[in-house]
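# Examination of the molecular architecture
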Amino acid sequence: MAANTLRQNQKKDPDSTIQFVQTVGKVTGGTLLGLTTLTSAVVAGGLVGLAISFRNLPDVRVLQTYTPSETTHIYDIKGKQLASIHGEANREVVPLDKISPHLKRAVIAIEDSYFYSHQGVNVGAVARAFSQNFNHGRTVEGGSTLTMQLVKNLFLSPKRAFSRKVAEAVLALRIEQIFKKDQILELYLNQVYWGHNTYGVQTAAQTYFAKPASDLNLAESAMMAGLIQSPEALSPLVDLKAATRRQHDVLHRMVELKWITPQEEAAARKQPIKLGKRTSFQSSEMPYVTDAVVEELTKKFGRDAVLKGGMRIQTTIDSRLQRIGEDTARRWIQTLNYEGVYADQMAIVSVDPRTHFIKAMVGGINYKKSQFNRAMNAQRQPGSSFKPFIYYAAFASGKYTPDSTVYDSPVSYPDGNETYSPRNYDGTFAGAITIRKALEISRNVPAVKLGQEVGLNKVIEICRSLGIKSPIDPVISLPLGAVDLTPLEMAGAYATFASNGWYSDPTLIVQVTDSSGNVLLDNTPKPRLVLDSWAAASLNDTLQGVVSRGTATAAQIGRPAAGKTGTTSSERDIWFVGYVPQLATAVWVGNDNYRPLGYGATGGHFVAPIWRDYMQQALQGVPVENFKPASEFDRP
């Protein structure tokens, strides 16, 4: 009759088994207690006495606010998971109603079938264990309830000793006075160790069966419940035969308890098991990105909060663009070497001018060989790609337009005890020339002259407003890139040109929440106008000429684009930084040890094609947009 009642309840509500366990447990437990009345009185009385003497035990009330360590997950802009990071414990906490009823029954059946009838200590089991341990002179049998196991996991050392067993019992009694059974079961299932640095049912289900705990069937649940006894030895990922034998033990116990029928047991034994894979300490899909995210959040929240706080981190990264960037870098570094440019590294970083979200960040050619993120941290001379900062300053002064005349003629400046005389790349001088032409063909002398005219401290002030934090000295050769900047700083600054002067702090992180959805960090863009819009629009117009007919014709992508090449005089660094209204991208090529790249290595000839290749792929499906003309804004 009891078995029929159980099966009927299961059909109506699988969780009704828990209530049935309570009823059956009380009846069966009553019989057992009747047979062991004297033992029960002695044990219970002893525990009461010991409870008084164990006043220095932990206060179990801390569990009312206990938050177990949880795994942190990192996602791209569209919600695709990029990485999971954690300390020793890989865990995701789930409520009891998100755990399969099959698993709850299986765990209780094999670990503590009287869970819903005892008060923290199964007196009969303790009596049997005491007798066995006394006879053997050592601990050979535990008799632990789920509550006692929870106590051991949370409060006590794993050392097997009689005194620890007594402490377990005392604390278990205390816990049962404060918490409901379902609360204890939920704590237990989220705390227990399942092997392979996996803690809690959710991560265990994902590891062993690649599904959430709520979706586990009877066969999977029985196998998982069996792991608790010896997680590493019984792991189906290590020894499937041993795991299956233990699974059969669990199913048999469930039949003995009449919680499942023999037919259900037979069906579960035949159920094919599709195994997952280890989820702990997995490598990131995009390690340069996730390393940078972890570093930023560690500075803000601390390492423990990041590794154990169960954060949900949405990054700004577009996985499609990131993959395109990584593939582009790998292919082109080989091509460059074949063409005689002896470079060992490349960095690519893209920033959305509308939000200043970092959409892609390639920190190097091979993360396994070098974890140094060149996109964010490599400070290299930008060469002529620094010139737009000078020309913007000239436009913003109100004294110059793109068609103003400057003079490309010899000039010298005192520089300490020496004299500095700037030269052009080809060693010639063009005489009177428009700013537009000077920038298109990247003449050096006019840029140096304009730098002196507008004031280098003013240029540095503009750089700071564009988010550039690297040290900058007002040396005479600054207009030619005599400063060390990162690819990210260059991409972020050019993105502000693209947006006609609107700037937000570049970021890799959109939002961070805890596992319950509470917002910990919100990086919603807060754009502010930091440049004169007319001057920025004038610069955009001039830099379009660099691509359409200047030093960067190799960067033409079939839509309006602006940008600037960069080559250092020592040919150690070559650049192209360019943009459309929706995306700004910096590409740097060089060697980590600053070795020259080879004679004739220029940004226009070798890097502009890399930028073109990347941008043509990145902008597929993105509408063509024109830059706003300067005529839409008031001239300063």
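Think of each chain on its own: its residues are numbered from 1, step by step along the sequence as written. Per-residue local features of the predicted model are confined to residues with pLDDT of at least 70, and side-chain atom pairs are confined, for both listing and counting, to 80 or more; whole-chain, interface and lining totals are unaffected and use all residues. Side-chain numbers here rest on the full set of heavy atoms in the structure, without hydrogens or water.

As a further point, take the overall build of the protein chain. Helix and strand assignments come from DSSP, with helices taken as H or I runs of at least 4 residues and strands as E runs of at least 2, each series counted from the N terminus. The helix and strand inventory of the protein chain stands at 23 helices and 19 strands. We call a residue buried when its accessible area falls under 20% of the maximum for its residue type, exposed when it is over 50%, and partly exposed in between, using a 1.4 Å probe and counting protein chains only. Relative to its full complement of 636 residues, the protein chain shows a buried share of 54%. Of the contacts made within the protein chain by residues no fewer than 6 positions apart, 71% connect residues no fewer than 24 positions apart. In the form shown here, the protein chain has an accessible surface area of approximately 27800 Å², with 51% of it arising from carbon and sulfur atoms. Throughout, a residue-residue contact means that at least one pair of heavy atoms, one from each residue, lies within 4.5 Å. What sets the accessible areas is the Shrake-Rupley method with a 1.4 Å probe; for residues, cover comes only from the shown protein chains.

Here is the rule: rings of Phe, Tyr and Trp (six-membered ring for Trp) pair when centre to centre is within 6.5 Å. Planes less than 30 degrees apart are stacked, more than 60 are edge-to-face, and the remainder are tilted. Going through the model one piece at a time under the given rule, you end up with 13 aromatic pairs. Geometrically, the ring pair formed by phenylalanine 389 and phenylalanine 497 is tilted, given 5.7 Å between the ring centres and 50 degrees between the ring planes. Of this pair, phenylalanine 389 sits in helix H17 (residues 387-396) while phenylalanine 497 sits in helix H21 (residues 487-498), and the two are 108 residues apart along the sequence. Considered together, phenylalanine 389 and phenylalanine 497 belong to a single accessibility category, that of buried residues. An aromatic cluster of at least three residues, connected via ring pairs, comprises Phe386, Phe389, Tyr392, Tyr494, Phe497, Tyr579 and Phe627. Two conditions define a charge sitting above a ring: the NZ of Lys or the CZ of Arg must be within 6 Å of the ring centre, and it must be within 35 degrees of the ring normal. It is arginine 380 that lies over the ring of tyrosine 594; its NZ or CZ is 3.9 Å from the centre.

This next bit is on H17. For H17, a buried count of nine out of ten residues is recorded, marking the element as mostly surrounded by other parts of the structure. Along H17, the residues that are buried comprise Lys387, Pro388, Phe389, Ile390, Tyr391, Tyr392, Ala393, Ala394 and Phe395. Count one or two residues on from H17 and you reach glycine 398, which has phi positive near 85 degrees.

Now for the sheet that holds strand S5 (residues 198-199). Spatially, three strands are ordered S3-S5-S4 in an open sheet, and the strand pairing comes out mixed. Edge positions in the open sheet fall to strand S3 (90-91) and strand S4 (193-195), since each of these has one partner strand only. Note on pairing: DSSP must find at least two bridges between two strands before they are called paired. Relative to S5, S4 runs antiparallel, the two being bridged by two bridges. Bridge pairing links glycine 195 to threonine 198 in S5.

Quick look at the packing of helix H15 (residues 319-338) against helix H23 (residues 603-618) now. Helix packing for two helices is described by the angle between their axes and how far apart those axes are. At a minimum axis separation of 10 Å, H15 and H23 run at an interaxial angle of 150 degrees. As judged from the angle between their axes, H15 and H23 are roughly antiparallel. In terms of crossing hand, the pair formed by H15 and H23 is right-handed. In contact with Arg320, Leu321, Ile324, Gly325, Thr328, Arg331, Trp332 and Leu336 of H15, H23 contributes Phe606, Pro609, Ile610, Asp613, Tyr614, Gln617 and Ala618. Comment: axis = line fitted to C-alpha atoms, over the contacting stretch for helices; angle = value between 0 and 180 degrees taken between N-to-C directions. When an angle is under 35 degrees it counts as roughly parallel; over 145 it counts as roughly antiparallel; between 65 and 115 it counts as roughly perpendicular; any other value is oblique. The hand of a helix crossing depends on one turn: near helix anticlockwise from the far one by less than a right angle means left-handed, and clockwise means right-handed.

By size, the foremost hydrophobic cluster in this structure holds 117 residues, and its most contacted members are Met346 and Phe389. What methionine 346 contacts, discounting residues up to four positions off in sequence, is Ala329, Trp332, Ile333, Leu336, Val362, Gly363, Gly364, Ile365, Val587, Trp588, Val589 and Ile610. Only buried residues count toward a nonpolar core, which is a set of Ala, Val, Leu, Ile, Met, Phe, Trp, Tyr and Cys residues joined through side-chain atoms within 4.5 Å. Within the second largest apolar cluster, 59 residues are counted, among which are Leu103, Ile108, Tyr188 and Ala213.

This brings us to the pairing of strand S6 (residues 312-315). Strand direction decides the pairing type here: strand S1 (residues 72-75) and S6, joined by three bridges, are parallel. What sits directly across from histidine 73, in S6, is arginine 312.

A word on the pattern of salt bridges. Here a salt bridge means any side-chain nitrogen of Lys or Arg lying within 4 Å of a carboxyl oxygen belonging to Asp or Glu. Taken as a whole, this structure holds 24 salt bridges when the rule is applied. Put simply, glutamate 256 and arginine 253 hold a salt bridge, and the shortest N to O gap is 3.4 Å. You can see glutamate 256 and its partner arginine 253 sitting in helix H11 (residues 240-256), three residues apart, about one turn around the helix. For arginine 253, a relative accessible area of 25% corresponds to the partly exposed category.

Further remarks concern the side chain of asparagine 190. Turning to its location among the elements, asparagine 190 is positioned in helix H8 (residues 181-191). Given a relative accessible area of 4%, asparagine 190 falls into the buried group. Once residues within four sequence positions are removed from consideration, asparagine 190 is found in contact with Arg91, Glu92, Val93, Val94, Tyr199 and Gly200.

Positive phi is not limited to glycine here, since asparagine 500 has a value of about 60 degrees. Position of asparagine 500 relative to the elements: it lies in the loop between H21 and strand S13 (502-503). With relative accessibility at 8%, the residue asparagine 500 sits in the buried group. Even without a glycine there, the phi angle at tyrosine 594 is positive, about 65 degrees.

If you trace the five strands from one edge of the open sheet to the other, you get S8-S7-S19-S18-S17, paired in antiparallel fashion. Each end of this open sheet is capped by a strand with a single partner; those strands are strand S8 (358-362) and strand S17 (562-567). When strand polarity is set aside, the average angle formed by the axes of neighbouring strands in this sheet is 5 degrees. Sheet analysis places strand S7 (residues 345-351) next to strand S19 (residues 583-590), joined by seven bridges and oriented antiparallel. Across the sheet, the residue bridging to valine 351 is alanine 584, located in S19. Contacts between helix H22 (residues 533-549) and the sheet are confined to S17 and strand S18 (573-580), with S17 contributing the most and set at about 65 degrees to the helix.

A separate point is the confidence of the model for the protein chain. pLDDT gives the predictor's per-residue confidence on a scale running from 0 to 100. Chain-level statistics for the protein chain give a pLDDT mean of 89 and a share of 87% at 70 or above. Low pLDDT, under 50, characterises residues 1-38; the predicted model gives this stretch 40 contacts beyond four residues in sequence or across chains.

What follows deals with the side chain of glutamate 571. With respect to the element layout, glutamate 571 can be found in the loop between S17 and S18. We treat Lys and Arg as the positive residues and Asp and Glu as the negative residues; His and chain ends play no part in the count. Despite being buried, glutamate 571 has no salt bridge partner; arginine 572 is the closest side chain of opposite charge, sitting 9.2 Å away. Polar contact criterion, stated in full: a pair of N or O atoms within 3.5 Å, where within protein one must be able to donate a hydrogen and the other to accept it, and residues adjacent in sequence count only if both atoms are side-chain atoms. A polar contact of 3.1 Å, which involves the side chain of glutamate 571, links it to the backbone nitrogen of glycine 600. Not counting residues up to four positions away in its chain, the partners in contact with glutamate 571 are Tyr425, Pro596, Leu597, Gly598, Tyr599, Gly600 and Ala601.

Let's shift gears to the pairing of S19. Counting buried positions over the eight residues of S19 gives eight, a clear majority of the element. With eight bridges connecting them, S18 and S19 associate as antiparallel partners. For phenylalanine 576, the partnering residue across the bridge sits in S19 and is valine 587. Taking the residues that link successive antiparallel strands as the turn, the S18-S19 hairpin has two residues.

Attention shifts here to helix H13 (residues 287-301). Under the convention used throughout, the expected extent of a helix is 1.5 Å for every residue step, that is, one less than its residue count. Compared with the 21 Å implied by 1.5 Å per residue over 15 residues, the 20 Å span of H13 between its first and last C-alpha is a close match. Residues of H13 that are buried: Pro287, Tyr288, Val289, Thr290, Ala292, Val293, Val294 and Leu297. Positive phi shows up at glycine 302, right after H13, with a value of about 100 degrees.

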